[in-house]
Each structure stands twice: as C-alpha cells, then as structure tokens.
Amino acid sequence: MQLTPEHEQIRDTLKRFIAEKINPHVDTWEAAEIFPAHQVFKGLGDLGLLGLTKPVEYGGMGLDYSYSMLMAETMGLVNCGAIPMAVGVQTDMCTPALARFGGDELKRDYLAPAIAGDMVGCIGVSEPGAGSDVAGIKSHARKDGDDYVITGQKMWITNSLQADWMCMLVNTGEGAIHKNKSLIIVPMRDGPNGKLTPGISVAQKIKKIGMHASDTGLIYFDEVRVPQRNLIGAEGQGFIYQMQQFQEERLWAAANAITGLDVAIRETIEYTRQRKMFGSTLLDQQWVQFKLVELQTEVEALRALTWTACERYVAGDDVLQWASMAKLKAGRLTREVADTCLQFWGGMGFTWDNRVSRLYRDGRLGSIGGGADEVMMGIIAKTMGMAKRSAA
C-alpha cells in the first residue's frame, strides 16, 4: 500500500512521542505493573492520535483505516507490548462499534472524550467461562424502566482497573445465541480516577507472565443500572457488531507485531556480531545467518499480508479471512522470532530486562488474545469452504 506524506507525518509525530514520553518510563511502569493511562492517553489525544479514523464531528480526523494500521505498526517501537496493547484497546477495540453504530448523544458522552484522551475505555467480552467462544458469554441485562440492570463477570479485561467506561457485550434476550446479545456502554466510574459505579467491583488484578505494564482485571457486575440509551445500535445485534470490531482488532494486532519483530532481529544481529566464540563471532556462523534471514523473510511476508488486508479493508471488502490469517501468522511468528533470538542471545537472553526476553513474555499473548490461533484457523477453514458456518 502506498503511504502518503500525511502518513509519514503522523508516523514521525508518534515516533517522537514514544521516544520522549513513553520509552523513558517503560521500565518503571513494567516494575509497577501499571502505567498512567490517563496521562499517556491525554498526550496522544492532544496530538490527535486516538481518533485517526473516527468522525471529525467527535474530534476525530476522519481518515481511512490505513492510518490506524500505521499507528499500530509504529507503536511497535515502544519497549514493551503492554502499552501498545492498551492504546489499541482504546483506538481499535472498544470504540469502532460505538463510532459506527452509536447514537449522537452516546458518542458525545463517550467517544469524543476517548478521542481527546479525557476518558479511558475498555472492551468487555471475555468471561471466566467464555474467552474465544464469544457466543458462550453469560453476563446478562434485563430491562427495568428506562434502565438496563446488568449482572455478570468479565475477565482478562485490559485497561479495566483504570477505565472510565466499558463497551460490554451482554445477553439481552433468550433467543438464538448469535441474536440475543447487545453492546452497551457501561460507565465504570463517577469520573477520571473516581469511585467505581455502584454494583461494579474489581475482584482481582490479574498477575500475568508478560504485558506487565498493562492493568488486567476480573470485574464483577451486580445489578448495575445503566440507561437504555447507552445501547450501541440495535438490541440483539451485539454479536454481529463485535465480530466487526474483531476484524479491526485483529488487523491492528498483526500490524503492531511487525516493528517489534524487526527490532528483535536487528538487535540480535548486532549482539551476535559482537559475541565471540570459538575464534569468531556468533554471526559468522552460517546457521545463525541463515536463520535470521529466514525470520526476516517471514516478517516481510507478514507485512505484505497485513497491508494487503488493510488495502482491501479500506476498499470496502470483507477481510474476515485476511484479518484472521494475518492475526494467526503474527502470533505464531512472534513466538518463533522471540524464541530463536533469545537462544542466540544465550544467557543474556534469559535475563529479565533484555528486550528480546520481554518480547518472549509479552508476545506469547498474540496467539491467545483476540481469538486464539485455533479459532483463527476455524474461521479460515469456514471461509475456505472446509467447515460449516454456525447458524446465525
């Protein structure tokens, strides 16, 4: 896909922000197992980077999806995976359906502040018994007067310990599992860093093997009252809306992986060029050269696949198959690159603060979050006509 001077200008702006406002603090935030989301998001919002593809009437820039992909790829320059993931949740996971199907009042109350960086959002889909199986969620909302009353649990929710609102998928009916779900905006707090909404409780801050700077929670909802006007689009269409959001989430995830893989390979080349063994350097070994060449070739193949999917998406095509392929490839390739590069770093690769060891920990989520590899393969098999599609 041909990038324009406007693409490059946005990339340069984001590079400077990462170098000046994020990377100097990454190690501190990783150790604290949380980063100041409101502070970082406000900085990105002031630069217009949280609403690149969102409607201009709500503070966005109204650009096509290639700009979001460019941002995702550039965020790979952050020295950890947690903060790019948190930003991606804000820009491409909890806001697409709101921007596309939400009413004007709802967008002014939640989308506009998210674009400005004044509010932090999160996406509430996964539950203790329903991760990749979205249709299996148990959280439900019943109507009472002008409100929905929501009860249930959401787990593995990125940004949830700091979020001001959640785009929550809940059951709002008793019909077919693909037609009884709705997306509802649930206020989480009474203001930035304020008290939790009555009925909402943080059951657990989840301690993870990677993505440490990202806060991840198990959240309980006990008879939480939410105005029915917070419904996104039509009732019963939440599953469809969420599947559409997943396409952007998976494209974003694939694009975000690319730069981190480039960096890992490049830093491994430099390290192996300096590492002496048996009278030469490790990089002098043909096996090391060939393996790094092979990995870089795979990264370029991922880049081509991902940007081709983006080009088709911008053109209005259904990219379910392409986005699923890109996400599958990104997750698996991240595991391979991180493991191989760590091996070439030897004992240094097994140290905690090494960039490659951090990729090894953070990158493992790529084959799980946003739909596991096996789910991606199931989707691809259906789009290739090899497996039956679920009844709608």
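For clarity, every value in this text was computed on a predicted model and none was experimentally measured. (Residues numbered from 1 in each chain as written. Predicted model: local features only at pLDDT ≥ 70, side-chain atom pairs only at ≥ 80, totals over all residues. Heavy atoms only, no water.)

(A) Seen up close, the overall build of the protein chain. Summing up its helical and strand segments, the protein chain has twelve helices and nine strands in all. Relative to the 2.2 N^0.38 estimate, which gives 21 Å for 392 residues, the radius of gyration of the protein chain is 21 Å and therefore close to what a compact globule would have. When its C-alpha atoms are laid out on the principal axes, the protein chain stretches across 80 × 50 × 40 Å. A total of 392 residues make up the protein chain; the buried ones form 54% of that total. Taking contacts inside the protein chain between residues at least 6 apart in sequence as the whole, the part at least 24 apart equals 75%. Accessible area of the protein chain: about 16800 Å², with a carbon and sulfur share of 53%. In the protein chain, 41 side chains carry a positive charge and 46 a negative one; their mean positions are 4 Å apart. (Helix = DSSP H or I, 4+ residues; strand = E, 2+ residues; numbered from the N terminus. Rg over C-alpha atoms; globule rule 2.2 N^0.38 Å. Buried < 20%, exposed > 50% of the residue type's maximum accessible area, 1.4 Å probe, protein only. Contact = heavy atoms within 4.5 Å. Areas by Shrake-Rupley, 256 points an atom, 1.4 Å probe, with all protein chains shown as cover. Lys, Arg positive; Asp, Glu negative; His and termini not counted. Charge placed at Lys NZ, Arg CZ, Asp CG, Glu CD.)

(B) Highlighting the pattern of salt bridges. Counted according to the given criterion, the structure contains 24 salt bridges. Note that Glu248 is salt-bridged to Arg100, the shortest N-O span being 2.9 Å. Taken together, the residues Glu248 in helix α8 (residues 238-274) and Arg100 in helix α6 (residues 96-101) connect sequence positions 148 residues apart. Of the residues examined, Arg100 reaches a relative accessible area of 39% and is grouped as partly exposed. Across the salt bridge formed by Arg303 and Asp262, the nearest N and O atoms sit 2.8 Å from each other. (Salt bridge = Lys/Arg side-chain N within 4 Å of Asp/Glu carboxyl O.)

(C) Quick peek at the nonpolar core. With 87 residues, the main nonpolar core has Ile22, Ile83, Ile150, Ile184, Val186, Phe221 and Ile232 as its most contacted residues. If near-sequence neighbours (up to four positions away) are discounted, Ile83 is found in contact with Ile22, Val26, Trp29, Phe35, Met75, Val78 and Ala213. One finds Leu261, Leu282, Ala330 and Val356 within the second-largest nonpolar core, a separate group that totals 25 residues. (Core = buried A, V, L, I, M, F, W, Y, C linked by side-chain atoms within 4.5 Å.)

(D) View of the environment of Val224. Secondary-structure assignment places Val224 in strand β7 (residues 216-227). Along the backbone, Val224 and Pro187 are 37 residues apart, and their C-alpha atoms lie at a distance of 9.6 Å. Sequence-distant contacts of Val224, that is, excluding residues within four places in its chain, are made with Tyr148, Val149, Ile150, Val186, Thr197, Pro198, Gly199 and Ile200.

(E) View of helix α5 (residues 82-92). Most of α5 sits inside the fold, with eleven of its eleven residues counted as buried. Turning to α5, its buried residues are Ala82, Ile83, Pro84, Met85, Ala86, Val87, Gly88, Val89, Gln90, Thr91 and Asp92.

(F) Inspection of the packing of aromatic side chains at higher detail. A complete count under the given rule lists six aromatic pairs for this structure. Relative to Trp165, the ring of Tyr110 lies with its centre 6.1 Å away and its plane at 70°, an arrangement referred to as edge-to-face. With a gap of 55 residues between them, Tyr110 in helix α7 (residues 104-116) and Trp165 in strand β4 (residues 165-171) connect regions that are remote in the sequence. As far as burial versus exposure is concerned, Tyr110 and Trp165 are alike and both buried. (Phe/Tyr/Trp six-rings, centres within 6.5 Å; stacked < 30°, edge-to-face > 60°.)

(G) Highlighting the state of the cysteines. Counted according to the given criterion, the structure contains zero disulfides. No disulfide involves Cys122; its nearest neighbouring cysteine sulfur is the one of Cys94, lying 6.9 Å away. Of the cysteine sulfurs around Cys167, a residue in no disulfide, the closest is that of Cys94, at 6.8 Å. (Disulfide = S-S within 2.5 Å.)

(H) Structural context of the packing of helix α1 (residues 5-22) against helix α4 (residues 65-74). Look at α1 against α4: their axes get within 10 Å of each other, and the N-to-C directions meet at 30°. Considering the relative orientation of α1 and α4, their crossing is right-handed. For the pair α1 and α4, contact is made by Glu6, His7, Ile10, Arg11, Leu14, Lys15 and Ile18 and by Ser66, Tyr67, Leu70, Met71, Glu73 and Thr74, respectively. (Axes fitted to C-alpha atoms, helices over the stretch in contact; angles between N-to-C directions. Left-handed = near helix turned anticlockwise from the far one by under 90°.)

(I) Layout of unusual backbone geometry. For Asn159, which is not glycine, the phi torsion reads 80° and is therefore positive. Examined against the element boundaries, Asn159 turns out to sit in the loop between β3 (147-158) and β4. Residue Asn159 is classed as buried on the basis of its relative accessible area, which comes to 0%.

(J) Structural view of the layout of surface pockets. Computed from the structure, the second largest pocket encloses a volume of approximately 280 Å³. Together, 14 residues line the second largest pocket, and Thr53, Tyr65, Arg100, Glu248 and Tyr313 are the ones closest to its centre. Mapped by element, the contributors of at least two residues to the lining of the second largest pocket are α6 and α9 (286-314). Here the lining of the second largest pocket gets three residues from one element, more than from any other, and that element is α6. Here the lining of the second largest pocket is composed, by residue class, of seven nonpolar, two polar and five charged. (1 Å grid on protein atoms, 1.4 Å probe; cavity = no way out; pocket = protein on both sides within 12 Å on 5 of 7 lines; lining within 4 Å. Points joined across faces, edges and corners; volume = space filled by probe spheres on them. Nonpolar A, V, L, I, M, F, W, Y, C, P; charged D, E, K, R; others polar.)

(K) Local environment of the packing of α4 against α8. For the pair α4 and α8, interaxial distance at closest approach is 6 Å and the crossing angle is 40°. In terms of orientation, α4 and α8 fall into the oblique class. Crossing of α4 against α8: the hand is right-handed. Residues Tyr65, Ser68, Met69, Ala72, Glu73 and Thr74 of α4 touch α8, and the partners they reach there are Glu248, Leu251, Trp252, Ala255, Asn256, Ile258 and Thr259. In terms of residue class, the contact of α4 with α8 is made up of seven nonpolar, four polar and two charged. (Parallel < 35°, antiparallel > 145°, perpendicular 65-115°, else oblique.)

Fair warning: the whole summary comes from geometry, so function is off the table for now.
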